[in-house]
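# Structural characterization, general
This is what each chain is made of:
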Amino acid sequence: MKTVLVTGGVGYIGSHTSVALIESGYDIVIVDDLSNTRLDLLEGIKKITGKDPKFYEGDLKDEKLVAKIFNENQIDAIIHFAASKAVGESVTEPLKYYKNNFLSLVNLLEQAVSASIPLVFSSSCTVYGTPDLLPVTEQTPVKPAQSPYGNTKQVGEEIIVDTIAANPNFKAISLRYFNPIGAHESSHIGELPLGVPNNLVPYLLQVAAGERECLSVFGDDYNTPDGTCIRDYIHVVDLAEAHVVAVKRMLDGLSKEPYEVFNLGTGQGNSVLELIKVFEEVNGLKLNYKIVDRRAGDVEQIYADTTFANEELGWKSRFELPDMLRSAWNWQKNLSKLG
Ligand code: UD1
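None of the values given here were measured: they were computed from a predicted structure. Residue indices follow the written sequence of each chain, beginning from 1 at its first position. With the structure being a predicted model, the display of local features is reserved for residues of pLDDT at least 70 and the display and counting of side-chain atom pairs for 80 or more, all residues being used for whole-chain, interface and lining totals. As a rule here, side-chain values come from all non-hydrogen atoms in the structure, and water together with hydrogens is ignored.

### So, the site of the ligand
Residues in close proximity to the ligand total 20 residues, the closest being Leu200, Ser216, Arg231, Arg295 and Asp298. A distance of 2.9 Å is found between an oxygen atom of the ligand and a side-chain nitrogen or oxygen belonging to Asn179. Each accessible area value is a Shrake-Rupley result obtained with a 1.4 Å probe; residue values ignore everything except the protein chains displayed when judging cover. Protein contact buries 87% of the 740 Å² of open area that the ligand shows by itself. Here the element with the most residues in the shell around the ligand is strand 8 (residues 215–218); it accounts for four residues. In this classification, Asp, Glu, Lys and Arg are treated as charged, Ala, Val, Leu, Ile, Met, Phe, Trp, Tyr, Cys and Pro as nonpolar, and every other residue, Gly included, as polar. Of the residues assigned to the shell around the ligand, the class counts are nine nonpolar, seven polar and four charged. For this description, a residue counts as near a given molecule or strand if any of its non-hydrogen atoms is within 4 Å of it. As used in this structure description, the phrase polar contact means that two N or O atoms lie within 3.5 Å; if the pair is within protein, one of them must be able to donate a hydrogen and the other to accept it, and residues adjacent in sequence are counted only when both atoms belong to side chains. Runs of E in the DSSP output that reach at least two residues are strands. Runs of H or I that reach at least four are helices, and both are numbered from the N terminus.

### Considerations on the side chain of Gln206
By the secondary structure assignment, Gln206 is in helix 7 (residues 200–208). Note on Gln206: relative accessible area 9%, which makes it buried. By definition in these notes, contact holds between two residues if any of their heavy atoms fall within 4.5 Å. Once you skip the residues sitting within four places of it in the chain, Gln206 turns out to touch Pro193, Pro197, Glu211, Arg212 and Gln332. Classification of residues uses two cut-offs on accessible area relative to the type maximum, computed with a 1.4 Å probe and protein chains only: under 20% is buried, over 50% is exposed, and between them is partly exposed.

### Remarks on the nonpolar core
Core analysis: the largest hydrophobic core is formed by 44 residues, its most contacted members being Val4, Leu21, Leu175 and Leu264. Top contributing element to this core by residue count: helix 8 (residues 236–251), with nine residues. Residues within four places of Val4 in sequence aside, it is in contact with Leu21, Tyr26, Asp27, Ile28, Val29, Ala77, Ile79 and Val247. Only buried Ala, Val, Leu, Ile, Met, Phe, Trp, Tyr and Cys residues count toward a nonpolar core, and they belong to the same one when joined by side-chain atoms within 4.5 Å. Counting residues in hydrophobic clusters, the runner-up holds 25 residues, among them Val29, Val66, Phe70 and Ile75.

### Here we look at unusual backbone geometry
Here the amide bond leading from Leu134 into Pro135 is cis, since omega sits at -5°, within 30 degrees of zero. Locating Pro135 in the fold gives a position in the loop between strand 5 (119–124) and helix 6 (148–166). Phi is positive for Leu34, close to 60°, though the residue is something other than glycine. Mapped onto the elements of the fold, Leu34 is located in the loop between strand 2 (27–32) and helix 2 (40–49). At Ser187, a residue that is not glycine, the phi angle is positive and equals roughly 65°. Turning to its location among the elements, Ser187 is positioned in the loop between strand 7 (179–181) and helix 7.

### Brief notes about the pairing of strand 11 (residues 259–264)
In terms of burial, strand 11 is largely enclosed, as six of its six residues are buried. Residues Tyr259, Val261 and Asn263 point to one face of strand 11 and Glu260, Phe262 and Leu264 to the other, with burial holding for every one of them. When strand 6 (residues 172–177) meets strand 11, the two strands line up parallel, connected through six bridges. When the bridges of strand 11 are listed, Tyr177 appears paired with Leu264. Strands are treated as partners if at least two bridges between them are detected by DSSP.

### Let's talk about the sheet that holds strand 1 (residues 3–7)
On the basis of which strands lie adjacent, the open sheet formed by seven strands has the order 3-2-1-4-5-6-11 and parallel pairing. In this open sheet, the two strands that pair with only one neighbour each are strand 3 (54–57) and strand 11. Ignoring strand direction, the axes of neighbouring strands in this sheet form an average angle of 20°. Pairing analysis gives six bridges linking strand 5 to strand 6, with the strands arranged parallel. Looking at strand 6, one finds that Ser124 is bridged to Tyr177. Geometry is summarised by axes, namely lines fitted to C-alpha atoms with helices restricted to the contacting stretch, and by angles between N-to-C directions that run from 0 to 180 degrees. Sitting on the sheet, helix 3 (residues 63–72) touches strand 1, strand 2, strand 3 and strand 4 (77–80), and the angle it makes with strand 3 is about 165°. The sheet contacts of helix 5 (residues 94–114) involve strand 1, strand 4 and strand 5, and relative to strand 4 the element is tilted by about 170°.

Here it is as structure tokens:
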């Protein structure tokens, strides 16, 4: 049985990927500093899988902890989720972002390279900035980052490329996520925003649950059919499965290049107003929302060309927007019970 180290495995995408890995027959070791999540999600992983994964609570900036994890476990592959991810906070606290996201990555890479352990890196479609052409392929040029957070994803990828150039036996895959939403069908795991949510679906869920008054839709004067921004929303369970495929690809020696990049989206663009309408329809709810000014830094529209992920990675998203928004609401209802 192969063992995968999942950093940030108690987080939103990390917990869903932990479940997918266990269900695909992998042993997992989780490390998480719990800075942006709660142990409820680890309990959720246990409830869904019936397995109790080995868990280290700690910070990957701590080189000694990283060495200890690799000494105590026979790690075959790494999936690196653990990172700070709030765009706005990264603008006000850039050094926190550079320190956290870079030191963690470098500490992991030192271990990974010394034992040729393949790594999957959590990247983001944010690296494309405002794309000149849609849909976005993996060849679409990377644009200058619009936030320190975005810069940590771009430079993170570059750090990996440089590391591979100097260590040809080391392999990595960067997965560039579009907009992950939704939750596991069991409602035992899902997104757990601490504080005021920045992202659309977590905010919308709190409005639907009566925890917040009104959702602000940021701008309806964009050059799109209904004037609101368009994104490629992808079910987090689909995203999790892509990580399992990426790990297997490297462990089975199927990578075409030592470093590969895949876009993870559905290929379908939806506007903010469309998403609200689907949410209301599938859940039989009315949502209180109002149109406000544009949010600084928002891209008008972005969605993925999924051809390369479909054909080369052999992965395709299965779920559609109604599934995503139904599961998200079920999770929110369960969360209100957890308190
Ligand atoms: C943002 C980040 C992206 C990051 C991702 C996940 C920016 C520019 N991009 O993506 O780099 O990888 O989060 O953390 O910040 N919206 C509303 N009202 C709200 C919240 C959002 O109308 O209260 C709209 C936004 O204008 C946007 C869409 O909903 O059109 C999606 O927003 P969001 O969920 O924040 O994701 P992104 O901005 O696409």
